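Okay, here's what each chain looks like letter by letter:
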Amino acid sequence: MINKFFIQKNWILIHQKLTPYLFLLPALIILGLTVFWPAIQAFYLSFTSYQEIGEPTKLIGFDNFFRLWKDAVFWKTLENTILYLIGVVPILVVAPLILAILVNQKLRGMNWFRTAYYTPVVISMIVAGIAWKWLYAENGLLNQFLKNLGIFPEGIPWLSSPEKILGIVPIPLASVMAVTIWKGLGYYMVIYLAGLQSIPPDVYEAAVIDGSDGIRKHLDITIPLMQPYLALVAVISAISATKVFEEVYIMTGGGPLNSSKTIVYYLYEQAFINLELSYGCTIGLVLFLIILGLSVLRLVINQQRDNNLS
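Now for a quick tour of the structure.

Thresholds applied
Residues numbered from 1 in each chain as written. Predicted model: local features only at pLDDT ≥ 70, side-chain atom pairs only at ≥ 80, totals over all residues. Heavy atoms only, no water. Axes fitted to C-alpha atoms, helices over the stretch in contact; angles between N-to-C directions. Helix = DSSP H or I, 4+ residues; strand = E, 2+ residues; numbered from the N terminus. Parallel < 35°, antiparallel > 145°, perpendicular 65-115°, else oblique. Left-handed = near helix turned anticlockwise from the far one by under 90°. Contact = heavy atoms within 4.5 Å. Nonpolar A, V, L, I, M, F, W, Y, C, P; charged D, E, K, R; others polar. Phe/Tyr/Trp six-rings, centres within 6.5 Å; stacked < 30°, edge-to-face > 60°. Buried < 20%, exposed > 50% of the residue type's maximum accessible area, 1.4 Å probe, protein only. Lys NZ or Arg CZ within 6 Å of the ring centre and 35° of its normal. Salt bridge = Lys/Arg side-chain N within 4 Å of Asp/Glu carboxyl O.

## So, the packing of helix α4 (residues 110–122) against helix α7 (residues 171–197)
Alright, step 1. With their axes 6 Å apart at the nearest point, α4 and α7 run at an angle of 130 degrees to one another. Here α4 is positioned oblique relative to α7, judged by the angle of their axes. Considering only the axes of α4 and α7, their crossing is left-handed. In contact with R114, Y117, Y118, P120 and V121 of α4, α7 contributes W182, K183, G186, Y187, M189, V190, L193 and Q197.
Alright, step 2. Of the residues contributing to the contact of α4 with α7, the split by class is nine nonpolar, two polar and two charged.

## A word on the packing of aromatic side chains
Alright, step 1. Tallied over the entire structure, the rule returns 17 aromatic pairs.
Alright, step 2. Summarising the aromatic geometry, the rings of F245 and Y249 are spaced 5.5 Å apart at their centres and angled 20 degrees between planes, so their arrangement reads as stacked.
Alright, step 3. The partly exposed category is assigned to Y249, whose relative accessible area is 44%.
Alright, step 4. With a centroid separation of 5.2 Å and 65 degrees between ring planes, the pair formed by F245 and Y268 is classed as edge-to-face. Here the residue F245 occupies a position in the loop between α10 (227–242) and α11 (246–251), and Y268 occupies one in helix α12 (residues 263–273), the gap between them amounting to 23 residues.
Alright, step 5. Cluster of aromatic residues (ring-pair linked, three or more members): F245, Y249, Y265, Y268 and F272.
Alright, step 6. The ring of Y279 has R67 sitting right over it, with the charged end atom 3.8 Å from the ring centre.

## Some words on the pattern of salt bridges
Alright, step 1. Overall, the coordinates contain two salt bridges when judged by the stated rule.
Alright, step 2. Across the pair R67 and E276 runs a salt bridge whose closest N-O atoms are separated by 3.4 Å. Note that R67 is positioned in helix α2 (residues 63–69) and E276 in the loop between α12 and α13 (277–309), a separation of 209 residues in sequence.
Alright, step 3. Residue class for R67 comes out partly exposed when judged on its relative accessible area of 37%.
Alright, step 4. Taking the relative accessible area as the measure of exposure, E276 reaches 18% and is therefore buried.
Alright, step 5. Here E269 makes a salt bridge to K261, at a shortest N to O gap of 2.9 Å.
Alright, step 6. Accessibility expressed as a relative area gives 17% for E269, which makes it buried.

Encoded structure:
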């Protein structure tokens with residue numbers, strides 16, 4: 001009887017521990033087939049010579065990585081990606097916070113402003129890219145506006161010239177950055193709104209009594225209390241900027257002269273246009289390591305935020 005009791009008790013404990021994993025099993029199977037297994041295959045292909053589907057693979061060691069090290073186009077795309085991060089992330093950290101503070105006011109019609117700022121988020125990137133490409137056209141709305149003002153009589157080659165702004169950022173790359181910023185403002189604004197609405201009004205009332213009002217109260221209270229959200233938005237926007245593809249594909253195709261080509265677009269070009277599948281997987285592995293670092297940073301920030309909230 002005692003042995004039977006212990007066997008039954010152990011079976012209940014095992015059943016309780018295994019039950020959550022049984023519920024997770026269907027999702028784990030799907031993730032394994034669609035994410036983990038392809039990732040393992042891509043890692044393996046990085047060390048092979050594999051160009052066409054159906055051909056046998058040939059192990060070549062680190063040859064693809066040596067080729068990547070000497071690839072001038074890859075370093076150009078890496079430079080463009082870093083410029084993208086530097087140009088996009090700071091704006092997407094600061095500007096949505098300002099918008100969130102503005103639309104967090106209890107004024108009549110403020111919901112319409114929230115909707116207007118959030119509308120670009122729900123618009124398809126394909127639609128947005130085509131629309132902005134028309135705006136950036138030689139005879140597009142932006143150039144016509146500048147010509148009418150007499151500022152740039154010949155217009156600006158937004159997407160057709162590799163010239164650089166201040167000798168740093170190519171004009172096409174900066175033009176694509178503007179689309180990413182326009183589309184991301186509303187998304188990050190909502191994140192900040194959640195943070196702002198979690199701040200007790202009593203804190204601001206006490207600040208007013210202490211003489212901190214207007215812009216000063218946001219410097220003294222809002223920004224310090226919003227630090228976890230600021231860090232979160234910085235990491236999320238950095239990951240998104242690193243993976244940018246649709247804007248480049250639709251608006252510039254990586255040109256002219258690779259001036260707007262990013263790592264993800266170069267991966268796509270090598271793997272699916274030039275059919276250099278192994279080399280494309282090598283580029284993807286480098287991109288994976290970059291995003292992994294940013295993702296780990298995001299987990300650390302989330303943990304710190306949870307600790308602060310608790």
